[in-house]
Every structure is written in structure tokens, then in C-alpha cells.
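Survey of secondary and tertiary structure
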Amino acid sequence: MSHLLRALCLAAVLASPVAAQQADIRFGGLQQDTSLPVEVTSDTLSVDQASGAAVFTGNVLAKQGEMRLAAETIRVEYTSDGDGIDRLIASGGVTLVSPTDAAEAAEAVYTIASGNVVMTGNVLLTQGRAAISGETLTVNLKDGTGTMTGQVKTIFTPGGAP
């Protein structure tokens with residue numbers, strides 16, 4: 001009887017939500033060549049000549065290789081020499097998608113040179129059947145790694161792949 005009780009307790013622990021402050025995550029599907037061109041489409045484009053930034057609004061989709069970044073607004077900031085893109089700042093229903101992974105957040109900042117995407121505000125990451133949530137997700141697109149921080153929660157399914 002004690003073996004059955006232990007097995008039931010272990011199953012209950014494994015099936016319950018887990019809360020932590022940080023989780024390191026592997027992003028094989030979000031690995032990306034950050035030197036590829038970035039294509040942005042939207043309903044509207046406005047250019048701020050003073051800052052040299054472009055603001056895309058309405059159904060915005062930024063593509064780079066197989067990576068897709070969608071949001072209501074994406075601000076494109078150019079390098080100081082004006083020869084390339086420094087970073088993309090996305091807000092309003094942000095979604096980052098690759099062939100195998102997807103993440104949603106309120107905001108995201110993609111710094112092209114470093115390959116880092118920092119997503120903030122009620123982040124939800126899905127990888128196959130697994131889902132992880134937290135306040136901040138930092139993904140390095142060059143090496144396919146990431147870290148979720150701030151009240152990290154996930155559910156493990158016993159007997160199934162996470």
C-alpha cells in the first residue's frame with residue numbers, strides 16, 4: 001500500500017504547476033541567422049526624420065529567414081551610420097514564431113547585432129505540447145537558447161514529452 005501511496009503522491013507533484021524565478025530553455029526552432037535581410041510589412045509606415053526611425057503600424061509582420069515577429073506596432077531603429085537596422089521594438093499583441101516554437105508577449109525588443117530578443121509582459125512560450133509562462137523571456141537567436149524569468153510557471157505531463 002505504501003508503494004501505491006508514494007506513486008500517487010509523485011504523480012500529483014509531477015502533474016501540478018511548478019513556479020520558479022528562472023528557467024533556462026533550449027530554442028532549437030528559434031535559432032536564426034541574424035545577418036539575413038529583415039522584411040517588414042504593415043498597413044501604415046511613418047518615418048521620423050529627426051531620429052531616423054521608421055514606425056510600422058497595423059498588422060505588422062517582420063520576417064527574417066524562418067523567424068516571424070508580428071505586432072500592432074514595430075519601430076525600426078537604424079544603426080548610427082544609417083547603413084543597417086540596429087533593433088526592432090514591437091508592441092501590442094507581440095508574437096514571435098519559428099517552425100517549432102511560438103512566444104506571445106505585450107512587448108519585444110530584437111537587437112539585431114547580438115541576436116537577442118527580449119519579450120516582456122505576460123509572456124507565454126509554447127513548444128509542442130509544453131507551455132511556459134513568465135514575465136520576461138530572453139532568446140538568443142544565434143545559438144537557440146533562452147531564459148524565462150519572473151514567476152515562471154509550467155505544467156509537466158507525466159509520461160509525455162515536455
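Note on numbering: residues in each chain are counted from 1, in written sequence order. Reporting in this predicted model follows two pLDDT cut-offs: at least 70 for local features of residues, and 80 or more for side-chain atom pairs to be given and counted; totals over whole chains, interfaces and linings ignore these cut-offs and use all residues. The basis for every side-chain value is the complete set of non-hydrogen atoms in the structure, without hydrogens or water.

Examining the overall build of the protein
This is how it is decided: Helix and strand definitions here come from DSSP, where helices need a minimum of 4 consecutive H or I residues and strands a minimum of 2 consecutive E residues; each element is numbered from the N-terminal end. Throughout this description, buried means an accessible area under 20% of the type-specific maximum (1.4 Å probe, protein chains only), exposed means over 50%, and partly exposed covers the range between. Note on areas: Shrake-Rupley, 1.4 Å probe, and residue coverage restricted to the protein chains presented here.
Looking only at helices and strands, the protein has one helix and 10 strands in total. When the helices and strands of the protein are listed from N to C terminus, the series reads α-β-β-β-β-β-β-β-β-β-β. Looking at the protein as a whole, 30% of its 162 residues are labelled buried. Working note: accessible area of the protein is about 8900 Å², and carbon and sulfur atoms make up 56% of it.

Remarks on the nonpolar core
Stated formally: Take the buried Ala, Val, Leu, Ile, Met, Phe, Trp, Tyr and Cys residues and link them wherever side-chain atoms come within 4.5 Å; each set so joined is a nonpolar core. Note on contacts: a residue pair is in contact if any heavy atoms of the two residues lie within 4.5 Å.
Residues Leu69, Ile74 and Met119 are the most contacted members of the largest nonpolar core, which totals 29 residues. When contributions to this core are tallied by element, the ones reaching two or more residues are strand 4 (53-64), strand 5 (67-78), strand 6 (85-97), strand 7 (101-111), strand 8 (116-127), strand 9 (130-140) and strand 10 (145-154). At five residues, strand 5 tops the list of elements feeding residues into this core. With residues up to four places along the chain from it excluded, the contact list for Ile74 reads Ala54, Val55, Phe56, Val60, Ala62, Leu69, Leu88, Ile89 and Ala90.

Considerations on the side chain of Thr154
Convention followed: For the purposes of these results, a polar contact is taken to be a pair of N or O atoms within 3.5 Å, where, inside protein, one atom must be able to donate a hydrogen and its partner to accept one; residues adjacent in sequence count only when each atom of the pair is a side-chain atom.
Its place among the elements puts Thr154 in strand 10. A distance of 2.8 Å separates a polar atom in the side chain of Thr154 from the backbone oxygen of Ala131.

Thoughts on the pattern of salt bridges
Selection criterion: Salt bridges are defined as contacts in which a side-chain nitrogen from Lys or Arg sits within 4 Å of a carboxyl oxygen from Asp or Glu.
Tallied over the entire structure, the rule returns three salt bridges. Across the pair Glu77 and Arg75 runs a salt bridge whose closest N-O atoms are separated by 3.2 Å. Residue Glu77 is classed as buried on the basis of its relative accessible area, which comes to 19%. The class for Arg75 is partly exposed, based on a relative accessible area of 26%. The salt bridge involving Glu77 is made with Arg87; its shortest N-O contact spans 2.8 Å. Note that Glu77 is positioned in strand 5 and Arg87 in strand 6, a separation of 10 residues in sequence. Each of Arg75, Glu77 and Arg87 takes part in salt bridges that share partners, so that together they form one network.

What to know about the side chain of Asp101
One can find Asp101 in strand 7. Only 3.5 Å separates the side chain of Asp101 from the side chain of Thr100, close enough to count as a polar contact.

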